[in-house]
Amino acid sequence: MVTDFGKVMDAIADKLLVNGLLIILAYDRIISIVIPVVIISRDIVVDSCKMISGQNGKVVAASILGKIKTICMMSGLTLTMFYNLPFELIGFPVADILLIAAVVLSVISGCEYFYGVRDILISKKESKIKGCECILFILFSFSFFSFFFATLGLIFSLIFFCVFPNHNINHH
């Protein structure tokens, strides 16, 4: 039996488990803090877009980029939990590549979801944001800039660690 309550609780449980794991891995410095910041911010934006569209009778279908993001993230997290084995044996950072791909796809698919509901957020007659959705629009704007700066930080971090691969940030 499938219920609406079950659908909602399944989505919440998935987000709690995955986002919790991302936060724990970032806290232990196994992954960059940028990864959970971008992915959790994107989840907030997408959930807000789905909520707004649902209130207005419009269903926003899951995008293919969002599904690919989920595949990359779950695969990258699984490999991270298993120390990137068997790829670690040949020195190929598959887990890191998959998590970076998940971050990039998170930004793109988050923008894609917002683009899908932009006509609901912005009234074409008045060219201004509807009343109660103003807060969600501000939240999206904040999250979008978080995406942007987090992605820039990730790119600069990658460049830094490619240029200085033996740089140890933990000086004891």
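As the structure is a prediction and not an experimental result, all values here were calculated from the model. (Residues numbered from 1 in each chain as written. Predicted model: local features only at pLDDT ≥ 70, side-chain atom pairs only at ≥ 80, totals over all residues. Heavy atoms only, no water.)

**Notes on the pattern of salt bridges**
Counted according to the given criterion, the structure contains 3 salt bridges. Across the pair K15 and D43 runs a salt bridge, and its minimum N-O distance is 3.9 Å. One end of the pair, K15, is in helix α1 (residues 4–27); the other, D43, is in helix α2 (residues 34–55), and 28 residues separate them in sequence. Judged by its relative accessible area of 29%, K15 falls in the partly exposed class. The shortest N-O distance in the salt bridge between D47 and K15 comes to 4.0 Å. Of the two residues, D47 sits in helix α2 while K15 sits in helix α1, which places them 32 residues apart along the sequence. Via salt bridges that share partners, K15, R42, D43 and D47 belong to a single interconnected network. (Salt bridge = Lys/Arg side-chain N within 4 Å of Asp/Glu carboxyl O. Helix = DSSP H or I, 4+ residues; strand = E, 2+ residues; numbered from the N terminus. Buried < 20%, exposed > 50% of the residue type's maximum accessible area, 1.4 Å probe, protein only.)

**Overview of the packing of α1 against α2**
The geometry of α1 relative to α2 is characterised by a closest axis approach of 9 Å and an angle of 155° between their N-to-C directions. Judged on the interaxial angle alone, α2 and α1 are roughly antiparallel. Where α1 crosses over α2, the handedness of that crossing is left-handed. Along the contact surface, α1 presents K15, N19, L22, I23 and A26, while α2 presents I35, P36, I39, I40, D43 and D47. Residues that form the contact of α1 with α2 fall into these classes: 7 nonpolar, 1 polar and 3 charged. (Axes fitted to C-alpha atoms, helices over the stretch in contact; angles between N-to-C directions. Parallel < 35°, antiparallel > 145°, perpendicular 65-115°, else oblique. Left-handed = near helix turned anticlockwise from the far one by under 90°. Contact = heavy atoms within 4.5 Å. Nonpolar A, V, L, I, M, F, W, Y, C, P; charged D, E, K, R; others polar.)

**Comments concerning the nonpolar core**
Among the nonpolar cores identified, the biggest contains 17 residues, and L22, I31, I35, I39, M73 and L77 are the most heavily contacted of them. For this core, the secondary structure elements donating two or more residues are α1, α2, α3 (64–81) and α4 (94–121). In terms of residues, this core owes the most to one element, α4, which gives 5 residues. Here I31 is in contact with L22, L25, A26, P36, T80 and L99, once residues within four sequence places are set aside. Counting residues in each nonpolar core, the second largest holds 7 residues, with V46, C49, V60 and F114 among its members. (Core = buried A, V, L, I, M, F, W, Y, C linked by side-chain atoms within 4.5 Å.)

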